[in-house]
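# A structural walkthrough
Read off the chains here:
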Amino acid sequence: MNLPNYVKIVEVGPRDGLQNEKAMVPTDVKVALINQLTEAGFVNIEAASFVSPKWVPQMADGADVMARIQRRPGTLYSVLTPNMKGFEGAVAAGADEVVIFGAASEAFSQKNINCSIAESIARFEPVAAAAKDKGIRLRGSISCSLGCPYQGEVPVSAVVDVVRRMRELGCDEIDIADTIGVGTPGKVQDVMRAASAEFALDRLSGHFHDTYGQALSNILASLEVGISIFHASVAGLGGCPYAKGATGNVATEDVLYMLHGLGIHTGIDLEAVVRTGDYISQAIGRTNSSRVGRALLTKWAAASEATPACA
Ligand code: HMG
Ligand code: MG
């Protein structure tokens, strides 16, 4: 296999991971989470959303979160911005990258952002122009690229169409998102290959939710066709408020373990991420969904019990 030497992981736990939590996660906990992730070495962290607080109440404190985190030079802190109102909030908060998020499925576009795909592109136009004007990095995310909870099958041509429109808007990076985790490796390769006919392969990313347990396989399949940017969520946190039953993103710890095992560099300290996964799981009272996280925590606990107390 001809795999890349380096892979960029975009840590999306603070946004995608937490947005679906029913109980409000205290701002302090969000800030501590992002600070720990920064320390672990991520170069890109999706920190918040500037969306309607009526639609996603959990993300209402985005400005506070952004104001209080300790930023590390070299790390980009990204935020979701569905419209100009979100963009203005993002600029005021000093976001390094804004994310416009659309869908390859009309039904999901309506449920998630209350407009058609064509309307969403029209809303993104001023956001994209303003981001370019201010020199802020622009990322486009395409939900339901492997299937839709409302529509079912999503044709590859529909994904490619949105990739083209996002490229025309000037996106620096485009995410192929499997919102409900239904994709399988062959289909993922087909979509990635087709998308790369419209957009540079090294600026396409894979955003895989792990609902059907396919995410790691889909990452390996994507690596095989040349993708080298992946999104992941510490402790496998998450779900989408507008995709019922969808579980979190692939766990960052599991992705790092696989990549490092393949000899691929990420610049991220796996053990630090495992400790962060333990922290956030305990802080929000959730089972840690990372297999690697649970395995290493159990191993470390057993090793510390086996160590005799100081004589
Ligand atoms: P709308 O109701 O059509 O918008 O929602 P509107 O322009 O009519 O505004 C309605 C109200 O929201 C107004 O307030 C606006 O001021 C306010 P009111 O006058 O009623 O008091 N508002 C805002 N407030 C703060 N920030 C804003 C903002 N915009 C309007 N930016 C809208 C349209 C897009 C705003 C709404 O549908 C929305 O916020 N949706 C967000 C959905 C969301 O965040 N989903 C989860 C993230 S996407 C995701 O998880 C998928 C991803 O992970 C990839 C994958 O896995 O697929 C990225
Ligand atoms: Mg997602």
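Look up a bit, the structure's there.
Residues numbered from 1 in each chain as written. Chains lettered and ligands numbered in written order. Predicted model: local features only at pLDDT ≥ 70, side-chain atom pairs only at ≥ 80, totals over all residues. Heavy atoms only, no water.

## Details of the site of ligand 1
As a reminder, the rule being used: Here a residue is considered near a molecule or strand provided that any single heavy atom belonging to it is located within 4 Å of it. Whenever two N or O atoms come within 3.5 Å, that pair is a polar contact, provided that in protein one can donate a hydrogen and the other can accept it, and provided that, for residues adjacent in sequence, both atoms are side-chain atoms. The method behind every accessible area is Shrake-Rupley, applied with a 1.4 Å probe, and residues are considered shielded solely by the protein chains displayed. Secondary structure counts use DSSP, requiring at least four H or I residues in a row for a helix and at least two E residues in a row for a strand, with both numbered from the N terminus. Throughout, the ten residues Ala, Val, Leu, Ile, Met, Phe, Trp, Tyr, Cys and Pro are labelled nonpolar, Asp, Glu, Lys and Arg are labelled charged, and all others, Gly among them, are labelled polar.
Around ligand 1 lies a shell of 27 residues, among which Arg15, Lys54, Asn114, Ser143 and Thr179 are the nearest. Between ligand 1 and His209 there is a distance of 3.0 Å, counted from an oxygen atom to a side-chain nitrogen or oxygen. Against a free-state accessible area of 1,100 Å², the protein chains account for coverage of 75% of ligand 1. Elements that contribute at least two residues to the shell around ligand 1 include exactly helix 1 (13-17), helix 4 (84-92), helix 5 (106-113) and strand 5 (137-143). Looking at the shell around ligand 1 residue by residue, the class counts come to eleven nonpolar, eleven polar and five charged.

## Quick word on the nonpolar core
The condition that has to hold: For the purposes of this section, nonpolar cores are sets of buried Ala, Val, Leu, Ile, Met, Phe, Trp, Tyr and Cys residues that join through side-chain atoms within 4.5 Å. Only protein chains enter the calculation, and the probe is 1.4 Å; a residue is then buried if its accessible area is under 20% of its type maximum, exposed if over 50%, and partly exposed in between. Residue contacts follow a heavy-atom distance rule, with two residues in contact if any of their heavy atoms lie within 4.5 Å.
In this structure, Ile9, Met66, Ile176 and Ile280 are the most contacted members of the largest nonpolar core, which totals 96 residues. Among the elements that line this core, the one with the most residues is helix 6 (residues 117-134), at seven residues. The contact partners of Ile280, leaving out residues within four places of it in the chain, are Leu18, Val29, Leu33, Val234, Ala235 and Leu237.

## Things to note about the layout of surface pockets
Selection criterion: Points on a 1 Å grid, built from protein atoms alone, make a cavity when a 1.4 Å probe fits but cannot get out and make a pocket when they are open with protein on both sides within 12 Å along at least 5 of 7 lines; residues with an atom within 4 Å of a point are the lining residues. Grid points are joined across faces, edges and corners, and a volume is the space filled by probe spheres set on the points.
Its volume calculated, the largest pocket comes out at about 710 Å³. Around the largest pocket, the lining comprises 40 residues; the ones closest to its centre are Val51, Ser52, Val56, Pro82 and Phe101. If you list the elements that add at least two residues to the lining of the largest pocket, you get helix 1, strand 2 (44-49), helix 3 (62-68), helix 4, strand 4 (97-103), helix 5, strand 5 and strand 6 (173-178). Residues of the lining of the largest pocket, tallied by class, amount to 18 nonpolar, 15 polar and seven charged. By volume, the second largest pocket is sized at about 250 Å³. Around the second largest pocket sit 14 residues that line it, and Asp210, Thr247, Asn249, Ala251 and Ser289 are the ones nearest its centre. Broken down by class, the residue content of the lining of the second largest pocket amounts to three nonpolar, seven polar and four charged.

## Remarks on the state of the cysteines
Which entries qualify depends on this criterion: Any cysteine sulfur atom paired with another within 2.5 Å is treated as part of a disulfide.
Here the structure, examined in full by the defined rule, presents zero disulfides. With no disulfide partner, Cys115 has as its closest neighbouring cysteine sulfur the one in Cys144, 14 Å distant. Judged by relative accessible area, which is 1%, Cys115 ranks as buried. Just so you know, Cys144 is unpaired, no disulfide at all, and the nearest cysteine sulfur is the one on Cys148, 4.2 Å from it.

## Observations concerning unusual backbone geometry
Despite not being glycine, Cys144 shows a phi value in the positive range, around 60°. As for its placement among the helices and strands, Cys144 is situated in the loop between strand 5 and helix 7 (156-168). Look at Cys144 and you get buried, because its relative accessible area is 0%. The backbone of Ala235 sits at a positive phi, close to 60°, despite the residue not being glycine.

## As for the packing of aromatic side chains
Under the convention used in this document: Within 6.5 Å between ring centres, the rings of Phe, Tyr and Trp (the latter by its six-membered ring) count as paired, and their orientation is classed by plane angle as stacked under 30 degrees, edge-to-face over 60, tilted in between. Two conditions define a charge sitting above a ring: the NZ of Lys or the CZ of Arg must be within 6 Å of the ring centre, and it must be within 35 degrees of the ring normal.
Scanning the entire structure with this criterion turns up one aromatic pair. Cation over ring: Lys111 sits above Tyr150, and NZ or CZ is 5.1 Å from the ring centre.

## Observations regarding the side chain of Glu11
Quick note on the threshold: His is not counted here, nor are the chain ends, while Lys and Arg score as positive and Asp and Glu score as negative. Here a salt bridge means any side-chain nitrogen of Lys or Arg lying within 4 Å of a carboxyl oxygen belonging to Asp or Glu.
Assignment of secondary structure puts Glu11 in strand 1 (residues 8-11). No salt bridge is formed by the buried Glu11; its nearest oppositely charged neighbour, Arg15, is found at 10.0 Å. Here the side chain of Glu11 touches Gly13 through a polar contact of 2.7 Å, landing on its backbone nitrogen. Setting aside its immediate chain neighbours within four residues, Glu11 contacts Leu37, Phe42, Asn44, Ile45, Glu46, Ala232, Ser233, Val234 and Thr252.

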